[in-house]
Amino acid sequence: MKFDERIEERKRMVEKLKEELGISERVAKAMLKVPRHLFVPPQYSNEAYYDYPLPIGYGQTISAPHMVAIMCDLLDLLPGQKVLEVGGGSGYHAAVVAELVGEGGKVIMIERIPELAERAKKTLRSLGYDNVEVIVGDGSEGYESEAPYDRIYVTAAAPDVPEPLVEQLKIGGKMVIPIGSEIQTLYVIEKDEKGIKKKRWGSVRFVPLLGKYGFRL
Ligand code: SAM
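It should be emphasised that the depicted structure is a prediction, and the values quoted were computed from it without experimental measurement.

(A) Up close: the pairing of strand β6 (residues 149-154). Across the six residues of β6, six count as buried, placing the element largely inside the fold. In terms of strand pairing, strand β3 (residues 82-86) meets β6 through four bridges, oriented parallel. Bridge assignment links Leu 84 to a residue of β6, and that residue is Ile 152. The sheet contact formed by β6 and strand β7 (residues 169-179) spans four bridges and is parallel. When the bridges of β7 are listed, Tyr 153 appears paired with Val 176. The parallel pair β6 and β7 is bridged by helix α6 (residues 163-168), and the resulting crossover is right-handed.

(B) Region of the structure containing the site of the ligand. Taken together, 26 residues surround the ligand, and among them Ser 90, Glu 111, Asp 138, Gly 139 and Leu 210 come closest. Within the side chain of Glu 111, an N or O atom sits 2.6 Å from an oxygen atom of the ligand. In the environment of the ligand, a nitrogen atom lies 3.5 Å from a nitrogen or oxygen atom belonging to the backbone of Gly 137. Against a free-state accessible area of 600 Å², the protein chains account for coverage of 99% of the ligand. When residues of the shell around the ligand are traced back to their parent elements, those giving at least two are β2 (60-62), α4 (92-101) and β4 (106-111). Ranked by residue count, the leading element in the shell around the ligand is β2, at three residues. Among the residues forming the shell around the ligand, the class breakdown is ten nonpolar, twelve polar and four charged.

(C) Quick peek at the pairing of β7. Judged by how many residues are buried, β7 sits mostly within the fold: eight of eleven residues are covered. The pairing of β7 with strand β8 (residues 184-192) spans six bridges and is classified as antiparallel. Considered in β8, the bridge of Met 175 is made with Ile 189. Linking β7 to β8, which pair antiparallel, is a turn of four residues; within it Gly 180 sits at a positive phi near 130 degrees.

(D) Inspection of the environment of Pro 65 at higher detail. Topologically, Pro 65 is positioned in helix α3 (residues 65-75). Between the C-alpha atom of Pro 65 and that of Trp 201, which follows or precedes it by 136 residues, the distance is 17 Å. Residues within four places of Pro 65 in sequence aside, it is in contact with Met 13, Leu 17, Met 31, Arg 36, Tyr 50, Asp 51 and Tyr 52.

The rules we used
Residues numbered from 1 in each chain as written. Predicted model: local features only at pLDDT ≥ 70, side-chain atom pairs only at ≥ 80, totals over all residues. Heavy atoms only, no water. Buried < 20%, exposed > 50% of the residue type's maximum accessible area, 1.4 Å probe, protein only. Helix = DSSP H or I, 4+ residues; strand = E, 2+ residues; numbered from the N terminus. Pairing = 2+ DSSP bridges. Right-handed = clockwise from strand over helix to strand, strands pointing away. Near = heavy atom within 4 Å. Polar contact = N/O pair within 3.5 Å; in protein donor to acceptor, adjacent residues only side chain to side chain. Areas by Shrake-Rupley, 256 points an atom, 1.4 Å probe, with all protein chains shown as cover. Nonpolar A, V, L, I, M, F, W, Y, C, P; charged D, E, K, R; others polar. Contact = heavy atoms within 4.5 Å.

Here it is as structure tokens:
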């Protein structure tokens, strides 16, 4: 039932993303399913299907839909994969990724602000996303106990690629991460036996990654 609510608005949002960005059918289908309005505070509910970030409290934001779509396509997510999200915020991006990896896959979402993590957990549970695990902690250190990961994505800007995230990525795995402070660049990182290859995607704007391997508090 919750998945049917506001479906027409979601269709319009997804069609626009397809036209303007050429996002893949798989990502479009996942975003069509996830009710973004349930991940934003009630006072922003009527803006949930516009393509911009919205405040979620504690000085943080839910990323704009186009950024979620781009990151999902860059990650090339497949059913059955184990994925780490650093900077889980509202849990919306994790829900879209959960749709893409399916019930046989798993998403580990780390958020440093306990209140946001708690709210995300409640929303995800109420929608039946049992393949998302919500962890409170410093995601710049990764999450060793579930490593290695097929995919890692970071939704806050880091000063550089955190070494623990490289270590916790599988050989053949991919990571998407924004790097920089004022001017930030989104990178796609691929890991093979010899190390990592960094490819620049373009300029982006994210809140800072705060923590041991992020910006210091
Ligand atoms: N992907 C989120 C969503 O769908 O709502 C939006 C993420 S928001 C742009 C970035 C989040 O990263 C914030 O909630 C912030 O608290 C979190 N964050 C910043 N540094 C972090 C760290 N070291 N570990 C975990 N979370 C962190």
